[in-house]
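Inside the fold
One letter stands for each residue in the lines below.
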Amino acid sequence: QVQLVESGGGLVQAGGSLRLSCVGSGVTLDYYPIGWFRQAPGKEREGVSCISTGDGSGYYVDSVKGRFTISRNKAENAVYLQMNSLKPEDTAVYYCATVACGAEGVGLLVEAYWGQGTQVTVSS
């Protein structure tokens, strides 16, 4: 059974940090570009970041550049999103998924694996 499981969300004050984890079960994440999406109530789903296969290049939406860092750990079958200098506008449910990933940003796939999401809440 294929599962992607996110964890690491929580409540943090503005300026604080969180590290989100995406761990694969029954699927090898290293085989795929992996992305992070977020969705807040009343807002469109947004592709935040993704990491390629091969050289492992990371890509970021402009609003998080310089604050978020995506990385892989092959041994743990995991992808992480380190989130620093958090702002209230970062508040959302964050999801990881298999994606298309490149200079154009985070691309949706017709067929993809998705996690269940983890809530990030940033207070002023």
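Above this text you will find the structure in question.
Residues numbered from 1 in each chain as written. Predicted model: local features only at pLDDT ≥ 70, side-chain atom pairs only at ≥ 80, totals over all residues. Heavy atoms only, no water.

**A look at the overall build of the protein chain**
Each helix and strand in the protein chain was counted, giving zero helices and 12 strands. Taking 2.2 N^0.38 as the reference for a compact globule, 124 residues should give roughly 14 Å; the C-alpha atoms of the protein chain span a radius of gyration of 13 Å, in line with that estimate. Expressed along its principal axes, the backbone C-alpha trace of the protein chain runs to roughly 40 × 30 × 30 Å. Looking at the protein chain residue by residue over its 124 residues, the buried ones come to 39%. Considering only contacts in the protein chain between residues 6 or more positions apart, those separated by 24 or more positions represent 59%. Accessible surface, the protein chain as shown: approximately 6400 Å² in total, 48% of it carbon and sulfur. Across the protein chain, the centroid of the 9 positively charged side chains sits 4 Å from that of the 11 negatively charged ones. (Helix = DSSP H or I, 4+ residues; strand = E, 2+ residues; numbered from the N terminus. Rg over C-alpha atoms; globule rule 2.2 N^0.38 Å. Buried < 20%, exposed > 50% of the residue type's maximum accessible area, 1.4 Å probe, protein only. Contact = heavy atoms within 4.5 Å. Areas by Shrake-Rupley, 256 points an atom, 1.4 Å probe, with all protein chains shown as cover. Lys, Arg positive; Asp, Glu negative; His and termini not counted. Charge placed at Lys NZ, Arg CZ, Asp CG, Glu CD.)

**Description of the pairing of strand 8 (residues 78-83)**
The buried fraction of strand 8 is high, at five of six residues. Alignment of strand 3 (residues 18-25) against strand 8, held across six bridges, turns out to be antiparallel. In the sheet register, Ser21 faces strand 8, and the bridge partner there is Tyr80. In the sheet, strand 7 (residues 68-73) pairs with strand 8 via six bridges, with the strands oriented antiparallel. Of the residues in strand 8, the one forming a bridge with Ser71 is Tyr80. Following strand 7, the chain reverses through four residues before pairing antiparallel with strand 8; Asn77 in that reversal takes a positive phi of roughly 50°. (Pairing = 2+ DSSP bridges.)

**Things to note about the state of the cysteines**
Applying the stated rule across the entire model yields two disulfides. Here Cys22 is linked by a disulfide to Cys96, with a sulfur-sulfur distance of 2.1 Å. What sets the handedness of the Cys22 and Cys96 disulfide is the S-S torsion sign, and at about 75° it is right-handed. Of this pair, Cys22 sits in strand 3 while Cys96 sits in strand 9 (residues 92-98), and the two are 74 residues apart along the sequence. (Disulfide = S-S within 2.5 Å.)

**Topic: the side chain of Asp90**
One can find Asp90 in the loop between strand 8 and strand 9. Only 2.8 Å separates the side chain of Asp90 from the backbone nitrogen of Lys87, close enough to count as a polar contact. Ignoring sequence-local partners within four residues, the contact set of Asp90 consists of Arg38, Val64, Arg67, Phe68, Val120 and Val122. (Polar contact = N/O pair within 3.5 Å; in protein donor to acceptor, adjacent residues only side chain to side chain.)

**Describing the sheet that holds strand 6 (residues 58-60)**
An order of 2-12-9-4-5-6 is seen for the six strands of this open sheet, with the pairing classed as mixed. Each end of this open sheet is capped by a strand with a single partner; those strands are strand 2 (10-13) and strand 6. For this sheet, the mean angle separating the axes of adjacent strands, direction not counted, is 25°. Sheet topology places strand 9 next to strand 12 (residues 118-123); three bridges connect them, and they run antiparallel. Paired with Ala92 across the strands is Val120, a residue of strand 12. (Axes fitted to C-alpha atoms, helices over the stretch in contact; angles between N-to-C directions.)

**Let's talk about the nonpolar core**
Grouped together as the largest cluster of nonpolar side chains are 24 residues, with contacts concentrated most on Trp36, Phe68, Val79, Leu81, Met83 and Tyr94. Among the secondary structure elements, those contributing two or more residues to this core are strand 3, strand 4 (34-39), strand 5 (46-51), strand 7, strand 8, strand 9 and strand 12. Counting residues in hydrophobic clusters, the runner-up holds five residues, among them Phe37, Cys50, Val99 and Cys101. (Core = buried A, V, L, I, M, F, W, Y, C linked by side-chain atoms within 4.5 Å.)

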